[in-house]
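# Analysis of the macromolecular model
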Amino acid sequence: MPANERAGQPATQADLVDVAALVTAYYSEHPDPGEPAQQVSFGTSGHRGSAFRLSFNDDHIAATTQAICDYRARAGITGPLYIGRDTHALSEPAFATALEVLVANDVQVLVDSRDGYTPTPSLSRAILVHNENGPAAQADGIVVTPSHNPPEDGGFKYNPPDGGPAASEITSVIQDRANDLLRGGLKEVRRIHYDQARASAGQHDFLGAYVSELAAVVDMDAVRAAGVRIGADPLGGASVAYWGEIADRFGLDLTVVNPVVDATFRFMTLDWDGRIRMDCSSPYAMASLIDRKTEFAIATGNDTDSDRHGIVTPDAGLMNPNHYLAAAIDYLYRHRGDWPAGAAVGKTMVSSSIIDRVTETAGRRLMEVPVGFKWFVPGLLDGSVAFGGEESAGASFLRRDGRVWTTDKDGIILALLASEITAVTGRTPSERYGEITQQLGDPAYARVDAPATREQKAALAKLSPDQAAIAELGGEPVRERLSTAPGNGAPLGGLKVVTESAWFAARPSGTEDVYKLYAESFLGPEHLARVQDEARQILDSVLTGG
């Protein structure tokens, strides 16, 4: 889709959400549980919606929290539940709703001791630390965040005792129970007043516990010794207090370029579609930081819950997420001598094949999985996967000694790793990526969205390789037609077609009436365009029954 004419330009007053009206709608509007668009719906990252669209209101969060309490009881989870929130306007009221229901259900709740914001990786870390010695009373958690979504959106994620995003067999149970509670008029929801709930909650120093251990996963001494000049932009999100603490604790030459928190996010530049979106992988949303690229050796951005990273270098500007993942994998598997020798590289089916080539060069096993970070959780937990990453700029990796760090995406350590790479090698990650492409090939990669009805999206999600029985793509013989992931045999929820030099993959969007078409070619942009055109023809034929 073409970029909006105002993409990359500063937001104006007319672009800002009316926070008072949004919060009022959260409490005063009530969804119709018979309307699918107004039901609780867990995607790859929890339930998301907006109070204005009657898809994220007090009713939804009360029902979802009660459903989580019911799930905990059935699963025998009796330890503390860590809960954190980001800086979106709906996160505070949703946090209050959840707390009222959790405490009413006799759940031991732990909130931030500084009454601050909590990045997703910090909460994942807290769960894992509590559970690492195998206590009978296992902990879990909730993060109130819609990630990088626009300011009017809210989000609600559940992390079970493994510390990572909840798997579909858990979220489906929570989702179905929540919708049953909505249809029942919330009569089975237990709830107390907020002042009682807040007084009953325990406290946890998320920031102190997370920052104090960072040297176990990133070589902070090397970064400090090299004097790498760092610019960190939290994009108004949950990492805002973390970056200042990181600079002070480790003595880094680090500037927090924007310490402002404002629920309208008025300081943002507009994303590709002319909307405010805190997407640190978007050159439009990151335009302000890119403009300052020559001020820092490494500049970084995080989305609102800090589970994604954006890396800006003086020589390349904002790195494509695939490029940075390749450079990070190349560096880590060369400089982490204590990592398990058999630990795999994890990537999603729509990430660049340059990662495959880097992995092969490193002599490591590749684990390719469907979209969703949840697929990396077991491997990160037991050390069989040392790095797991997604093309959407989300990744995490093991501690320097080979033990688990987080089982959810951690944009903070990926941002710090860029400075470690620069400190240790004397080259930026983008310079190293240039060297990699000279050795292994320079891929052209793109993702585009195409219109699709709900029926067509459902058909695409169930597509079998036999329905796309093509022998050639882009002038090359087809090597593989996949509807399950090679790494774990899980359904891709779409289709991937692979040749020697190129591939395309298609999967339905979980939130919009489009399908996402990913494609890549090592034969250049013109060949990529040919692959995309042929892929569209194949998909149009299949989806229209032609």
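Residues numbered from 1 in each chain as written. Predicted model: local features only at pLDDT ≥ 70, side-chain atom pairs only at ≥ 80, totals over all residues. Heavy atoms only, no water.

## Some words on the pattern of salt bridges
Within the structure shown, the criterion is met by 38 salt bridges. Close ionic contact of Asp205 with Arg114 constitutes a salt bridge, the shortest N to O distance being 3.0 Å. With Asp205 in the loop between strand 7 (202-204) and helix 7 (206-211) and Arg114 in the loop between strand 4 (109-112) and helix 4 (120-131), the pair connects residues that are 91 residues apart, well separated along the chain. Two residues, Asp115 and Arg198, come together in a salt bridge whose shortest N-O distance is 3.4 Å. Taken together, the residues Asp115 in the loop between strand 4 and helix 4 and Arg198 in helix 6 (residues 194-200) connect sequence positions 83 residues apart. The class for Asp115 is partly exposed, based on a relative accessible area of 48%. Residue Arg198 is classed as partly exposed on the basis of its relative accessible area of 23%. Overlapping salt bridges, with partners in common, bring together Lys157, Asp305, Asp307, Glu390 and Lys409 in one network. (Salt bridge = Lys/Arg side-chain N within 4 Å of Asp/Glu carboxyl O. Helix = DSSP H or I, 4+ residues; strand = E, 2+ residues; numbered from the N terminus. Buried < 20%, exposed > 50% of the residue type's maximum accessible area, 1.4 Å probe, protein only.)

## A short note on the environment of Gln66
Relative to the helices and strands, Gln66 is located in helix 2 (residues 58-75). Judged by its relative accessible area of 1%, Gln66 is buried.

## Things to note about the nonpolar core
Looking at soluble globular proteins, one finds that nonpolar side chains tend to be buried together. Among the nonpolar cores identified, the biggest contains 68 residues, and Leu214, Ile246, Phe387 and Phe397 are the most heavily contacted of them. Residues Leu81, Phe156, Ile170 and Leu181 belong to the second largest nonpolar core, which totals 44 residues. (Core = buried A, V, L, I, M, F, W, Y, C linked by side-chain atoms within 4.5 Å.)

## Brief notes about the sheet that holds strand 13 (residues 344-348)
Strand order in this open sheet of 4 strands is 14-13-15-16, and the pairing throughout is mixed. Strand pairing shows two members of the sheet lacking a second neighbour, strand 14 (366-369) and strand 16 (394-397), which therefore form its edges. Between one strand and the next, the sheet's axes are offset by a mean angle of 15°, whatever the strand orientation. Summarising the sheet, strand 13 and strand 14 pair through 4 bridges and their orientation is parallel. Pairing of Gly346 across the sheet is with Met367, part of strand 14. Helix-sheet contacts for helix 11 (residues 321-335) involve strand 13, strand 15 (385-390) and strand 16, and the interaxial angle to strand 15 is about 170°. (Pairing = 2+ DSSP bridges. Axes fitted to C-alpha atoms, helices over the stretch in contact; angles between N-to-C directions. Contact = heavy atoms within 4.5 Å.)

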